[in-house]
Amino acid sequence: MTSQPAGPLPDRSSLQTSAIILIVVGFLCGGTIPAIFGIIALVQMDNDPFTAQKMNKVGWIVFWVMLVLIVLLTVGALLVNLLVIGVVSLPVIMGG
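Residues numbered from 1 in each chain as written. Predicted model: local features only at pLDDT ≥ 70, side-chain atom pairs only at ≥ 80, totals over all residues. Heavy atoms only, no water.

Caption draft 1: Geometry of helix H3 (residues 49–94). Look at H3: 66 Å from first C-alpha to last across 46 residues, which is about the 68 Å you get at 1.5 Å a residue. At Val-88, H3 shows its strongest bend, of approximately 35 degrees, with the proline Pro-91 following within four residues. Those residues of H3 that sit buried are Pro-49, Phe-50, Ala-52, Asn-56, Gly-59 and Phe-63. Looking one or two residues beyond H3, the residue adopting positive phi is Gly-95, at roughly 85 degrees. (Helix = DSSP H or I, 4+ residues; strand = E, 2+ residues; numbered from the N terminus. Expected span 1.5 Å × (residues − 1). Bend = angle between axes of the 7 residues up to and from the residue. Buried < 20%, exposed > 50% of the residue type's maximum accessible area, 1.4 Å probe, protein only.)

Printed below as a string of structure tokens:
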């Protein structure tokens, strides 16, 4: 038996909208893990809205972490490519 918070129930329509957006954006940008959390949130919405709210929040956190990692890796790859191109083209530029 799980104890539920004493607060009010989460707003169903905003939770549902957020979960659907998480599913779509998760599949398009962040991979399947955030989308899976969004699907779990939609499934749990009727039975346990507090768990659905937690799954939705965790899904958004995972999405943002994955998005930051993707951006950092992309920037790093671009910098490495620029460095390699610079090192390779340096003799040509210097006339040697």
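Picking up where we left off.
Caption draft 2: Geometry of the environment of Phe-50. Checked against the element boundaries, Phe-50 lands in helix H3. C-alpha of Phe-50 to C-alpha of Pro-10: the two residues are 40 residues apart in sequence and 7.1 Å apart in space.

Caption draft 3: Representation of a nonpolar patch on the surface within the structure. On the surface, Ile-61, Val-65, Val-68, Leu-69 and Leu-72 cluster together to form a nonpolar patch covering roughly 470 Å² of accessible area. Relative to the elements of secondary structure, Leu-72 occurs in helix H3. (Patch = residues over 30% accessible without salt bridge, like charges linked within 9 Å, V, L, I, M, F, W, Y side chains within 5 Å. Areas by Shrake-Rupley, 256 points an atom, 1.4 Å probe, with all protein chains shown as cover. Salt bridge = Lys/Arg side-chain N within 4 Å of Asp/Glu carboxyl O.)

Caption draft 4: Expanded view of the packing of aromatic side chains. Taken as a whole and judged by the stated rule, the model has 2 aromatic pairs. Look at Trp-60 and Phe-63: their rings are 5.7 Å apart centre to centre, the planes differ by 90 degrees, and that puts the pair in the edge-to-face class. One end of the pair is Trp-60 and the other is Phe-63, both in helix H3 and 3 residues apart, which spans about a single turn. Where Phe-63 meets Trp-64, the ring centres are 5.2 Å apart and the plane angle is 70 degrees; that geometry is what we call edge-to-face. By relative accessible area, Phe-63 is classed as buried at 4%. Here the aromatic cluster, defined as three or more aromatic residues joined through ring pairs, consists of Trp-60, Phe-63 and Trp-64. (Phe/Tyr/Trp six-rings, centres within 6.5 Å; stacked < 30°, edge-to-face > 60°.)

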